[in-house]
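Each chain, written out:
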Amino acid sequence: MKKAIIKKPCKTNMQSGLKKTKSWIVEFQFDSSLKKDVLMGWNSSVNTNKQIKMSFPNLKDKTLLTFPGRLSSWKGQESFLKMMSDLPKDYAGLIVGPYENAKQKFKRKLDLSISNYNLQERVFFYNAVDDIREIYSISEIVFNLSAKPEPFGRTLLEAAMMGKKICGWDRGGAGEVLDMCYPDGKVEFGDFRQLTEKVKELTNSDKSPDNIFLTADLMHSKTVEFYLDALDNKVR
């Protein structure tokens, strides 16, 4: 049985007001040893809920959709917010990444979109450090919606290796990952109607990714091979 503590933080001895005491906190207890992750090489736990500590203002009884990645105008956070605005209120969204150090102009733009879409109680930023694996574990679907084709689609592959449903535009590295292990999650670029319907479809599906064989060593070797081929063609 998974063990967790759900609580509200108390005021510190040096605190007079109530800041940071209104949101609930969930902490999963650590009860398993660490091992090396075959994809990324980091130390992780067999228990995917290892030591996760997450503040959530209003995620109870919500279907959690997660968008990992640094804040950037081409990464796709704006598309994620557009998608969330088209979904029913029982869906909540998590934008995961180092948002505190992001370009503040773009962060303010996202905050304004959240306000305009009336998503203040449904979409939240989370500054993941070393617990992205745990975030994936509590997510229903993990997304890649980059405005430009990416070479690898690494975040989708990470989530797929944990058996989590993945979804994204059918192009670039993300499209290749989806083709390889979860074709059900492919969406034509820019088709938001198809995207929202796909989210509802995947939510009700029991099917999870399979045919996953990429490791960190294989990804590195393919990258080196690509650049060596490019250099060879340039010499010719």
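Attention in this report is confined to the structure presented alongside it. (Residues numbered from 1 in each chain as written. Predicted model: local features only at pLDDT ≥ 70, side-chain atom pairs only at ≥ 80, totals over all residues. Heavy atoms only, no water.)

### A look at unusual backbone geometry
Although it is not a glycine, Asn118 sits at a positive phi angle of roughly 60 degrees. Note that Asn118 resides in the loop between α2 (104-116) and β8 (123-126). A relative accessible area of 57% places Asn118 in the exposed class. (Helix = DSSP H or I, 4+ residues; strand = E, 2+ residues; numbered from the N terminus. Buried < 20%, exposed > 50% of the residue type's maximum accessible area, 1.4 Å probe, protein only.)

### With respect to the sheet that holds strand β10 (residues 165-169)
Overall, parallel pairing links the six strands, which are arranged β8-β7-β6-β9-β10-β11 in an open sheet. A strand with exactly one partner marks an edge of an open sheet, and here the two such strands are β8 and β11 (186-187). Relative to strand β9 (residues 141-144), helix α4 (residues 154-161) is tilted by about 165 degrees, and along the sheet it contacts β6 (63-68), β9 and β10. (Pairing = 2+ DSSP bridges. Contact = heavy atoms within 4.5 Å. Axes fitted to C-alpha atoms, helices over the stretch in contact; angles between N-to-C directions.)

### What about the pattern of salt bridges?
One pass over the structure, following the stated rule, counts eleven salt bridges. Here Asp170 makes a salt bridge to Lys186, at a shortest N to O gap of 3.9 Å. Note that Asp170 is positioned in the loop between β10 and α5 (172-181) and Lys186 in strand β11, a separation of 16 residues in sequence. Judged by relative accessible area, Lys186 falls into the partly exposed class, the value being 22%. For the salt bridge of Asp179 with Lys186, the shortest nitrogen-to-oxygen distance reads 2.7 Å. (Salt bridge = Lys/Arg side-chain N within 4 Å of Asp/Glu carboxyl O.)

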